Amino acid sequence: MTLTEQFAEFTAGTTYAGIPEAARRKAKECILDCLGVAIAGTRESIVPPLLQYVDAVGGLPQATLIGSGKRTSITNAALVNGAIGHVLDFDDTNQLFIGHGSVVIVPAILALAEHLGSTGEDVIAAFMVGTEIQWKLGEALVDAGDHYLRGWHSTCTVGAFGATASAAWLLKLDREQMRNAFGIAASEAAGFQEQFGTHCKPFHAGRANEIGIRAALLAKGGLTSSKTALEGNVGFLKLVAGKMDLSKISNFGAPWGILEKTFGRGINLKANPVCASGVGGIEGMQRMLAEHKFKAADVESIAAGVRPKSLNILMYHTPETGLEAKFSAEYWMAATIVYGRVGLEQVTDAAVQNPEVQALLRKVKVYPDESILVSAARVNITVKLKDGREITESYYPPKGAADNPMTEQELGAKFAECMAWGGISEQKITRAKEIVLGLEKAKSVPELMQALVA
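## Side note on the packing of aromatic side chains
Each pair of aromatic rings is reported with the distance of its centres and the angle of its planes.
Phase 1 of the analysis: A complete count under the given rule lists six aromatic pairs for this structure.
Phase 2 of the analysis: An aromatic cluster is defined as three or more aromatic residues linked by ring pairs; in this entry it consists of F7, F10, F182, F252 and W256.
Phase 3 of the analysis: Across the ring face of W169, the terminal group of K172 is positioned such that the distance to the ring centre comes to 3.4 Å.
Phase 4 of the analysis: In this arrangement the basic side chain of K414 is found over the ring face of F90, its NZ or CZ atom lying 4.0 Å from the centre.

Structure below.
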């Protein structure tokens, strides 16, 4: 059986009833988090060019753009909602494929579900198949391979196959159509890390959603693809990786990846809107500040050791914009000292350009620390103070990680903060949260989409 056939077999055979309650509950938490972050992203500078594009290409009013409420085609909605859901880099991550799992499937699912009249149970099941496909492909291609190390942005490359699974499940494709859909997606999945710190990184997430819907719709209409589009001699996998372990693609849902309990394998939500590579350093610095009571003016120098494989991602050593700051461990250290936290307000251009922060971040040296594994978000911090003190901290795991999860109250607080940041009323915030956390009761999703309009 080829890989596209294995993906199709799993996707077609999944039912809502066959998904454990714990997995359903986690899926709803991820969907809630993803939507809140997307609403917060509607304030970002990526939105005008996306809306201008939608106006230029047109499209039937099939699905809703969150925030604005504008209606457009399902592919346009998936693209735009996916891009704004990732622009803040506040969305959940999975270290098996070093990517963002929910944001590359939730916008596609909701766009299709709104158009098709799918139920809340359908949304949960579609989320589960998309996530599981990402888990297996990511483990084979990234965790046990060199796909990410070659510079590919696996949020899009791996995520596109997750979105395809979700879309194919909602469209009720037969196994042959599903196989073709995964092959079609293989002809489109792309994205590379050089785009980090620009609009193109979140655009990649939007593209993954768009690719998944388009692949499923084309397959439903009869478009064919190679049965070995993935593993063939000149197939997708051999072109994007020199090392991989395809034996990892087995035992779907046994157990479900979403139930993994470690940072290295599970779904990790974020308490800070920055890249996950070393995000634990923010909380580590907060602990140092609380214990040792120093300020920016007291600092002589800071050394921050990060996992070596993160250095090509944490590429902005003197960031000037909020987008660049998300990929700057130097900024995280400095901003935490100056502001006390790194939240939505601290990743604006104005906050980054603060002269006090700019002066302090130039005192930070980020270096590769061989003791830190790729499966950890730890940062080893050493602060030298002008009074001669030298203090250290290693913080792991960060709040929101699978092994340090947010409480229901913390998740709700993040959701409310993000929604309010995006201009959503308190009444709509409450209603949206009720709908998502009780999603299995929803007969359709239009009411949810209306609660996501400012």
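## Focus: the side chain of Q62
Phase 1 of the analysis: Among the structural elements, Q62 can be located in the loop between α3 (47-57) and β1 (63-64).
Phase 2 of the analysis: For Q62, a relative accessible area of 18% puts it in the buried group.
Phase 3 of the analysis: Side-chain polar atoms of Q62 contact the backbone nitrogen of I74, separated by 3.0 Å.
Phase 4 of the analysis: Once residues lying within four places of it in the same chain are set aside, the contact partners of Q62 are R71, T72, S73, I74, E114 and H115.

## Points about the nonpolar core
Phase 1 of the analysis: Counting 158 residues, the largest nonpolar core has F127, F161, M285, F294 and V383 as the members making the most contacts within it.
Phase 2 of the analysis: A per-element tally of this core places helix α6 (residues 120-143) first, with 13 residues.
Phase 3 of the analysis: When residues no more than four places from it in sequence are discounted, the contact partners of M285 are F294, I302, M333, T336, I337, I381 and V383.

## Things to note about the pattern of salt bridges
Phase 1 of the analysis: For the structure on display, the rule yields 23 salt bridges.
Phase 2 of the analysis: R175 is paired through a salt bridge with E9; the nearest N and O atoms lie 3.1 Å apart. Note that R175 is positioned in helix α9 (residues 175-186) and E9 in helix α1 (residues 3-13), a separation of 166 residues in sequence.
Phase 3 of the analysis: With its nearest N and O atoms 2.9 Å apart, the salt bridge here joins D387 to R389.
Phase 4 of the analysis: One connected set of salt bridges, linked through shared partners, spans E188, R207, E210 and R214.

## Here we look at the pairing of strand β8 (residues 390-395)
Phase 1 of the analysis: Taking every second residue as pointing to the same face, the buried face of β8 carries I391, E393 and Y395, while none of E390, T392 and S394 on the other face is buried.
Phase 2 of the analysis: Judged from the six bridges that link them, strand β7 (residues 379-385) and β8 form a sheet pairing that is antiparallel. From the neighbouring strand, N380 faces β8, where its bridge partner is S394.
Phase 3 of the analysis: The antiparallel hairpin formed by β7 and β8 contains four residues in its connecting segment, where G388 sits at a positive phi of about 100°.

## Points about the side chain of S225
Phase 1 of the analysis: Its location among the elements puts S225 in the loop between α10 (200-221) and α11 (236-240).
Phase 2 of the analysis: Look past the residues within four positions of S225 in its chain and what remains in contact with it is R179, N180, G183 and I184.

## Examining the layout of surface pockets
Phase 1 of the analysis: Empty space within the largest pocket amounts to approximately 340 Å³.
Phase 2 of the analysis: Put simply, the parts of the chain that give the lining of the largest pocket at least two residues each are α2 (21-41) and α17 (408-421).
Phase 3 of the analysis: Among the elements that make up the lining of the largest pocket, the one with the highest residue count is α2 (four residues).
Phase 4 of the analysis: What the second largest pocket holds in volume is close to 290 Å³.
Phase 5 of the analysis: In this structure, the second largest pocket is lined by 16 residues; those nearest its centre are A271, N272, R341, K399 and M406.
Phase 6 of the analysis: Elements supplying a minimum of two residues to the lining of the second largest pocket: α12 (280-292) and α17.

## Here's the deal with empty space enclosed by the protein
Phase 1 of the analysis: With the rule as written, the count across this model stands at five cavities of 30 Å³ or more.
Phase 2 of the analysis: The space that makes up the largest cavity amounts to roughly 120 Å³.
Phase 3 of the analysis: Along the walls of the largest cavity sit 17 residues, with I98, H100, Y148, C275 and A276 positioned nearest its centre.

## Looking at the environment of G82
Phase 1 of the analysis: Looking at the secondary structure, you find G82 in helix α4 (residues 74-86).
Phase 2 of the analysis: For the pair formed by G82 and T2, sequence separation is 80 residues and the distance between their alpha carbons is 30 Å.
Phase 3 of the analysis: Excluding residues that lie within four positions of it along the chain, G82 makes contacts with A77, V103, P107, P202, A205, G206 and N209.

## Comments concerning the packing of α2 against α6
Phase 1 of the analysis: Interaxial distance between α2 and α6 falls to 10 Å at its minimum, and their mutual angle equals 90°. With respect to α6, the element α2 is oriented roughly perpendicular. Residues A23, R24, A27, K28, C30 and I31 of α2 touch α6, and the partners they reach there are V123, I124, F127 and M128.
Phase 2 of the analysis: When the residues that make up the contact of α2 with α6 are grouped by side-chain class, the tally is eight nonpolar, no polar and two charged.

## A few points about the packing of helix α5 (residues 106-116) against helix α8 (residues 159-170)
Phase 1 of the analysis: Where α5 meets α8, the closest approach of the two axes is 10 Å, and the angle between their N-to-C directions is 10°. When the axis of α5 is compared with that of α8, the two are roughly parallel. The handedness of the crossing between α5 and α8 is right-handed. On the side of α5, the interface is formed by I109, L112, A113 and L116, while α8 contributes S166, A167 and L170.
Phase 2 of the analysis: Across the contact of α5 with α8, the residue classes break down as six nonpolar, one polar and no charged.

## What about the state of the cysteines?
Phase 1 of the analysis: Counting across every chain of the model gives zero disulfides.
Phase 2 of the analysis: Note on C30: no disulfide assigned, nearest cysteine sulfur contributed by C34 at a separation of 8.9 Å.
Phase 3 of the analysis: Free of any disulfide, C275 has its nearest neighbouring cysteine sulfur in C156, separated by 16 Å.

## Some words on helix α14 (residues 329-339)
Phase 1 of the analysis: The element α14 is extensively covered by neighbouring structure, given that nine of its eleven residues are classed as buried.
Phase 2 of the analysis: Within the span of α14, buried status applies to A329, E330, Y331, W332, M333, A334, A335, T336 and I337.
Phase 3 of the analysis: Directly beyond the C-terminal end of α14, a positive phi value near 90° is found at G340.

Parameters and conventions
Residues numbered from 1 in each chain as written. Predicted model: local features only at pLDDT ≥ 70, side-chain atom pairs only at ≥ 80, totals over all residues. Heavy atoms only, no water. Phe/Tyr/Trp six-rings, centres within 6.5 Å; stacked < 30°, edge-to-face > 60°. Lys NZ or Arg CZ within 6 Å of the ring centre and 35° of its normal. Helix = DSSP H or I, 4+ residues; strand = E, 2+ residues; numbered from the N terminus. Buried < 20%, exposed > 50% of the residue type's maximum accessible area, 1.4 Å probe, protein only. Polar contact = N/O pair within 3.5 Å; in protein donor to acceptor, adjacent residues only side chain to side chain. Contact = heavy atoms within 4.5 Å. Core = buried A, V, L, I, M, F, W, Y, C linked by side-chain atoms within 4.5 Å. Salt bridge = Lys/Arg side-chain N within 4 Å of Asp/Glu carboxyl O. Pairing = 2+ DSSP bridges. 1 Å grid on protein atoms, 1.4 Å probe; cavity = no way out; pocket = protein on both sides within 12 Å on 5 of 7 lines; lining within 4 Å. Points joined across faces, edges and corners; volume = space filled by probe spheres on them. Axes fitted to C-alpha atoms, helices over the stretch in contact; angles between N-to-C directions. Parallel < 35°, antiparallel > 145°, perpendicular 65-115°, else oblique. Nonpolar A, V, L, I, M, F, W, Y, C, P; charged D, E, K, R; others polar. Left-handed = near helix turned anticlockwise from the far one by under 90°. Disulfide = S-S within 2.5 Å.

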